[in-house]
Amino acid sequence: QTVFDEFLMEHTIESLLNNGLIYSFGRDLGLRPSKEMVRNIIEIRIRSLLTKAPEKGLVEYAGMEYANFALASENGDIMNALGNITSSELFSYYDLFSYYAEAELIIFEYTNYISKKISSQELSEYYNQNITKYVTEIKTEDIAVSNKDIASEIHEYIKANGFDNALKVYRNKVRFSEVTLSKKSGFVKRFELAIKLKSGDISPKPQFENGEYHIFRVKDVPNFSQLSESTKGEILHTYITENQVSLLSKYKSEIEELISNSEKAIITGKSLKDTAVSLNSQYYKANKIIPVSRKLYDEKNKIIPLNMEENPEIIDIVFSGELSKATTRKKENYAIFIKPLLRKTDAKFSYTNINSDIMKEYLNFKATAISKDWMDFLQKRYTYTLYTNEIKKVLKSNKEN
């Protein structure tokens, strides 16, 4: 989940940045959609007819969409001008498929290590501070009456004499039942009161709901130890995400020492597979790595969760590094151990194997390279500010809702 959240974060920022840069470039070129085009784009996106003049933000969004389509999409002017494939470049690209490598990898995620260090006490305190996010039901004992004055009288009696004594005295004037409160209709107001209380507490006031006045005693609010393992896991993930910077700083020296000790153990003969176990990390055997690999696959042909654009040095290590010697690359949130195993020419390599899939792959490869070069140019041309924390807040809010 952590890996996915980080990917979502990076992808969101990159998309917003790219759209803004393309929009700025399009405006410099005088590229502006007509009013009718703006209307069409907005109505398609919001899936509804506009009944009034759109807000400025929507108009700018439509302009971004238009510029992106006109310049950067697969039918855009930039791609049409630069994206055509010639036979010579296709054959040159396919030459790279004739030579492949195999390697072992470990992906050591720091947050996985840190998660083992977080005590139940820390998580319990965090849970209590954020209890409204996780508790969905609260068991109560409920006294219900239709008269406001009687409800107030009973509430005062309870404060002086206790809930059980009030039940005995007012038994014939009230309706008593055990009620499980939740955020469902008919329980919301009482739930919002109960979520602030502890087991045994009495509601601070009579609460009018469903045509009656309710006075309740909280029977059970789940504490951290009572939660399901999946909920505990969710709390752990959120706690680490929200405190990632401070936690990485706190455990930095431990992590560096652990990596250093692992490197020494590998040098003295410890296998990467055994090292992965000691690091409590994922071990992968990557097959059929080619010089233009944009994804790595394991022995079961499953994608290894490693961003190759973020880690281009992996290809260099795999094809240039010493065979059977592990190399470590430390990143902000993880470390990679890479050990090249072999490099080999494919005996079955033939240009007759070039098919439509290879052509599509090359077109995608070329389009990505063109887009990256173009975006690098635009980033140098236009100044911008990234409000990363604000984006995190929006993503977190969307997830909670």
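Each remark here, short or long, concerns the structure printed above.
Scope of this entry: the structure provided in the associated data block. In this text the structure is predicted, and so the values were computed from the model without any measurement. (Residues numbered from 1 in each chain as written. Predicted model: local features only at pLDDT ≥ 70, side-chain atom pairs only at ≥ 80, totals over all residues. Heavy atoms only, no water.)

1. Examining the packing of aromatic side chains
Short version of the rule: Aromatic rings from Phe, Tyr and Trp, with only the six-membered ring used for Trp, were paired whenever their centres fell within 6.5 Å, and each pair was classed as stacked if the ring planes differed by under 30 degrees, edge-to-face if by over 60, and tilted otherwise. For helices the rule is a DSSP run of H or I covering at least 4 residues; for strands it is a run of E covering at least 2, with both sets numbered from the N terminus onward. Partly exposed describes any residue whose relative accessible area lies between the buried limit of under 20% and the exposed limit of over 50%, with all areas from a 1.4 Å probe on protein chains only and scaled to the type maximum.
The final tally for this structure, using the stated rule, is 16 aromatic pairs. Between the aromatic rings of Phe25 and Trp374, the centroid separation amounts to 5.9 Å while the plane-to-plane angle is 75°, which identifies the pairing as edge-to-face. Separated by 349 residues along the polypeptide, Phe25 in helix 1 (residues 2–28) and Trp374 in helix 16 (residues 356–381) bring together distant segments of the chain. Assigned by exposure class, Phe25 and Trp374 land together as buried. With a centroid separation of 5.7 Å and an interplanar angle of 80°, the aromatic rings of Tyr157 and Tyr170 are classed as edge-to-face. Here the residue Tyr157 occupies a position in helix 8 (residues 148–161), and Tyr170 occupies one in the loop between helix 9 (163–169) and strand 3 (175–181), the gap between them amounting to 13 residues. A relative accessible area of 8% means that Tyr170 is categorised as buried. Put simply, the rings of Phe91, Tyr93, Tyr94, Phe97, Phe349, Tyr351 and Tyr362 touch in pairs and so form one group of aromatic residues.

2. Concerning the nonpolar core
Across soluble globular proteins, nonpolar side chains show a tendency to be buried alongside one another. Keep this limit in mind: In these notes, a set of buried Ala, Val, Leu, Ile, Met, Phe, Trp, Tyr and Cys residues joined through side-chain atoms within 4.5 Å is what counts as a nonpolar core. What makes two residues a contact is simply this: any of their non-hydrogen atoms within 4.5 Å.
Membership of the largest hydrophobic core comes to 40 residues, with the highest contact counts inside it found for Phe108, Ile114, Tyr127, Ile138, Ile235, Ile255 and Phe337. The residues contacting Ile114, other than those within four sequence positions of it, are Leu247, Leu248, Tyr251 and Ile255. By size, the runner-up hydrophobic cluster in this structure holds 19 residues, among which are Ala286, Ile304, Ile315 and Ile338.

3. Here we look at helix 8
Definition in use: The span one expects for a helix is its residue count, reduced by one, times 1.5 Å. Directions pointing from the helix axis toward each C-beta atom define the arc. Under the rule applied, a polar contact is a pair of N or O atoms within 3.5 Å (in protein, one hydrogen donor and one hydrogen acceptor; residues adjacent in sequence only if both atoms are side-chain atoms).
End to end, helix 8 covers 20 Å across 14 residues, agreeing with the expected 20 Å (1.5 Å per residue, within 8%). Along helix 8, the residues classified as buried are Ala151, Ile154, His155 and Ile158. Across the axial projection of helix 8, the buried residues extend over an arc of 100°, all falling on one side. Exposed residues on helix 8 whose side chains face more than 90 degrees from its buried face are Asp149 and Ala160. Of the surrounding secondary structure, the elements contacted by the buried residues of helix 8 are strand 2 (138–145), helix 9 and strand 5 (212–220). A distance of 2.8 Å separates the backbone nitrogen of Asp149 from a side-chain oxygen at the start of helix 8, and that oxygen is part of Asn147.

4. Section: the sheet that holds strand 6 (residues 282–289)
As a reminder, the rule being used: Pairing between two strands requires that DSSP report at least two bridges joining them. All axes are obtained by fitting lines to C-alpha atoms, using only the stretch in contact for helices, and the reported angles, taken between N-to-C directions, cover 0 to 180 degrees.
Strand order across the open sheet formed by four strands is 6-1-8-7, with antiparallel pairing between neighbours. At either margin of the open sheet sits one strand with a lone partner, and together these are strand 6 and strand 7 (327–330). For this sheet, the mean angle separating the axes of adjacent strands, direction not counted, is 25°. Both strand 7 and strand 8 (residues 334–345) contribute to a ladder of four bridges, which runs antiparallel. Paired with Lys330 across the two strands is Ala335, which belongs to strand 8.

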